[in-house]
Amino acid sequence: MAKDAAKPVILWFRKDLRLDDNQALTAAHRSGRPIIPLYIREPAAAGTGPLGAAQAWWLHHSLEALNRSLQKLNGRLVLASGEALEVLCAFIKESAAEAVFWNRRYDPAGISIDARIKHELEKQAIEARSFGGQLLHEPSRLMTGNGTPYRVYTPFWRALEGGGEPEPPLDAPAKLRLASQPKSEVLGSWKLLPTKPDWAGDFVDLWTPGEEGAQQRLHVFVEDALEGYKENRDYPARPATSMLSPHLALGEISPARIWDATRGLSQRVPAADIVHFRKEIAWREFSYHLLFHFPRLASANWNDRFDGFEWRNNSGDFEAWRRGMTGYPIVDAGMRQLWRHGWMHNRVRMIVASFLIEDLMIDWRRGEAWFRDTLVDADPANNAASWQWVAGSGADASPFFRIFNPVLQGEKFDPDGDYVRTYVPELRELGPKYIHRPFEAPKSMLDEAGITLGQTYPKPIVDHASARNRALAAYKAIRDAA
Ligand code: FAD
């Protein structure tokens, strides 16, 4: 049906808070129609699931940043709250828009909401068009030879690598034809920022939400840290990873833009570093591939053998873990980094997750929920897939019996203890020999470092060797029952 070029198109922003490489935006721009840029605060649990508190902080600043970018083009972002279909219908009525464009989301709840909206809008003869770009490839594009989804990462990676380059990223339009803007809600009234207390005070030291911040991170990473990434990425005290995850989580930068930035560097950066970084981006793709094809990944054991696992779920232990008071320095440093900056290094995420699941025998879903609330990069696919990976219950998961030893992991990946000292100041004066095992340090050394175990720093809440045996026995029980 021919559309009236004077009638607006609603550009519905979701987890794509950027102008760069935004396929829906480019299509709206190319249609020549005036654009209404709209962000809808959907009810909790709709779309991409309940918004965690740390990501709510990020969202506030990201929406401000997007609004600033639109203001430079003489527009502004329109904000509205409610069920997306109702909000869209109200705006269509008010503005006489004849089209709604958006970029696809891939979580199960979001997919079903969007399918219904598309159907309803089309019934009303409204053009409803969705686009890709949140992933390098649509989750249905890369399939095994039998036409089934991948369950194992390595062949998935091979297919991705051999499947041709992703579409080149699209530059942001230099100007936009913006419609006269309908009334907007006021961002402050959404109360996305914490107030009493303002626990996000330290976030600003580390993060610049918004697409400019994302582009800057990418630039700095490619210039300074991509070389050596393969080796350095496992050491949490080194500034070695891109820290692009929160920007990716809200779509302030596209994976195609990141991929593109790693092209043409072979003169300067060893191929092994580039490939390894791309492989991490591919882990994100794989997580989405799994979530798309196996939607229950987000909340149920992918391997249902784990349904019979006897979790202990001790609430005191859970609290000690959340607060970074387990008596294992690398675990405590990680949990405190999470609280202070809304982010944690990948190696340490694996260590703290293994500690929760295996040493404390607490259901991975409780850890996943805590991460969802406290991570600025909380991501429905990456978070669930990674927790299940550590638990051993996921697709292509780490075997349950490969239990991380928090002391040895600390000594291997934080050999001088710098990471621990940054986040666990009460251990700051302890030398490298005992920084990961203060409970074995001679009393004189503890005294000298001003540490009294059980008072200034906790004694270990479990003995790792016995906890390991306990977990293995519980695992054996479900394995034998299968
Ligand atoms: P880089 O090393 O610079 O990697 C670049 C990008 O690749 C990342 O931004 C991310 O998008 C992707 N990536 C890197 N490692 C992984 C991985 N192991 N799995 C999937 N994608 C990866 N990542 C999230 O984005 N959101 C989450 O909620 C999340 N929860 C996690 C929970 C647990 C228990 C574990 C073990 C990992 C989790 N991860 C999650 C994956 C990973 O820890 C982060 O993506 C990474 O630490 C982000 O830092 P970076 O951007 O500096 O990564």
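Residues numbered from 1 in each chain as written. Predicted model: local features only at pLDDT ≥ 70, side-chain atom pairs only at ≥ 80, totals over all residues. Heavy atoms only, no water.

A. Region of the structure containing the nonpolar core. Counting residues in each nonpolar core, the largest one holds 54 residues, and the members touching the most others are Trp321, Val331 and Phe371. Counting residues per element, the ones that place at least two in this core are helix H12 (315–323), helix H13 (329–341), helix H14 (346–359), helix H15 (364–374), helix H16 (380–391), helix H18 (418–423) and helix H20 (464–481). With 8 residues, H14 is the largest single contributor of residues to this core. When neighbours within four sequence positions are excluded, Trp321 is seen to be in contact with Thr326, Val331, Met335, Val352, Phe355, Leu356, Leu360, Gly367, Trp370, Phe371 and Trp387. One finds Tyr106, Phe286, Leu290 and Leu297 within the second-largest nonpolar core, a separate group that totals 39 residues. (Core = buried A, V, L, I, M, F, W, Y, C linked by side-chain atoms within 4.5 Å. Buried < 20%, exposed > 50% of the residue type's maximum accessible area, 1.4 Å probe, protein only. Helix = DSSP H or I, 4+ residues; strand = E, 2+ residues; numbered from the N terminus. Contact = heavy atoms within 4.5 Å.)

B. Molecular detail of empty space enclosed by the protein. Across all of its chains, the model carries 2 cavities of 30 Å³ or more by this definition. Considered as a void within the structure, the largest cavity measures approximately 150 Å³ in volume. For the largest cavity, the lining is made up of 18 residues, of which Lys15, Arg104, Arg105, Gln134 and Tyr288 are closest to its centre. Mapped onto the lining of the largest cavity, the elements with two or more residues apiece are helix H9 (245–249) and helix H11 (271–293). For the lining of the largest cavity, the class distribution of residues is 6 nonpolar, 4 polar and 8 charged. Mapping the lining of the largest cavity onto the domain boundaries places at least three of its residues in each of domain 1 (9–134) and domain 2 (135–165 + 210–293). By volume, the second largest cavity amounts to about 50 Å³. What lines the second largest cavity is Leu135, His137, Glu138, Pro139, Leu142, Phe156, Glu285 and His289. Considering only residue class, the lining of the second largest cavity consists of 4 nonpolar, 2 polar and 2 charged. (1 Å grid on protein atoms, 1.4 Å probe; cavity = no way out; pocket = protein on both sides within 12 Å on 5 of 7 lines; lining within 4 Å. Points joined across faces, edges and corners; volume = space filled by probe spheres on them. Nonpolar A, V, L, I, M, F, W, Y, C, P; charged D, E, K, R; others polar. Domains from an automatic or database assignment.)

C. Quick look at helix H2 (residues 53–72). Its 20 residues place the ends of H2 29 Å apart at the C-alpha level, agreeing with the 28 Å of an ideal helix rising 1.5 Å per residue. Just downstream of H2, Asn74 is the residue with a positive phi angle, here 70°. (Expected span 1.5 Å × (residues − 1).)

D. Examining the domain arrangement of the protein chain more closely. Each assigned domain of the protein chain is listed with its residue range as follows: domain 1 (9–134), domain 2 (135–165 + 210–293) and domain 3 (304–481). With 9 residues of domain 1 in contact, the opposing surface of domain 3 contributes 8 residues. Roughly 610 Å² is buried in total at the junction of domain 1 and domain 3, and carbon and sulfur atoms are behind 55% of that figure. Counting across the domain 1 and domain 3 interface gives 0 salt bridges. Linking domain 1 with domain 3 are 4 residue pairs in polar contact (both at pLDDT 80 or more), by the criterion used here. Residues belonging to the side of domain 1 that touches domain 3 are distributed by class as follows: 5 nonpolar, 2 polar and 2 charged. (Buried area = accessible area lost by both parts, 1.4 Å probe. Salt bridge = Lys/Arg side-chain N within 4 Å of Asp/Glu carboxyl O. Polar contact = N/O pair within 3.5 Å; in protein donor to acceptor, adjacent residues only side chain to side chain.)

E. Up close: the pattern of salt bridges. For the structure on display, the rule yields 30 salt bridges. Of the charged contacts, one joins Glu411 and Arg437 as a salt bridge, the two residues approaching to 2.8 Å between their closest N and O atoms. Here the residue Glu411 occupies a position in helix H17 (residues 406–413), and Arg437 occupies one in the loop between H18 and helix H19 (443–448), the gap between them amounting to 26 residues. The salt bridge involving Lys443 is made with Asp447; its shortest N-O contact spans 2.9 Å.

F. Spatial organisation of the site of the ligand. Near the ligand you find 27 residues, and of these Tyr229, Thr241, Ser242, Met243 and Asn346 are the closest. Between a nitrogen atom of the ligand and a main-chain N or O atom of Arg284, the distance comes to 3.4 Å. Within the contact set of the ligand, an oxygen atom lies 3.1 Å away from a side-chain nitrogen or oxygen of Asn382. For the ligand, the protein covers 95% of the area, taking 820 Å² as the surface of the free molecule. Structurally, the ligand is housed in the largest pocket. Here the shell around the ligand gets 5 residues from one element, more than from any other, and that element is H11. Its residues placed into classes, the shell around the ligand shows 15 nonpolar, 7 polar and 5 charged. (Near = heavy atom within 4 Å. Areas by Shrake-Rupley, 256 points an atom, 1.4 Å probe, with all protein chains shown as cover. Sits in = over half its atoms within 2 Å of the grid points.)

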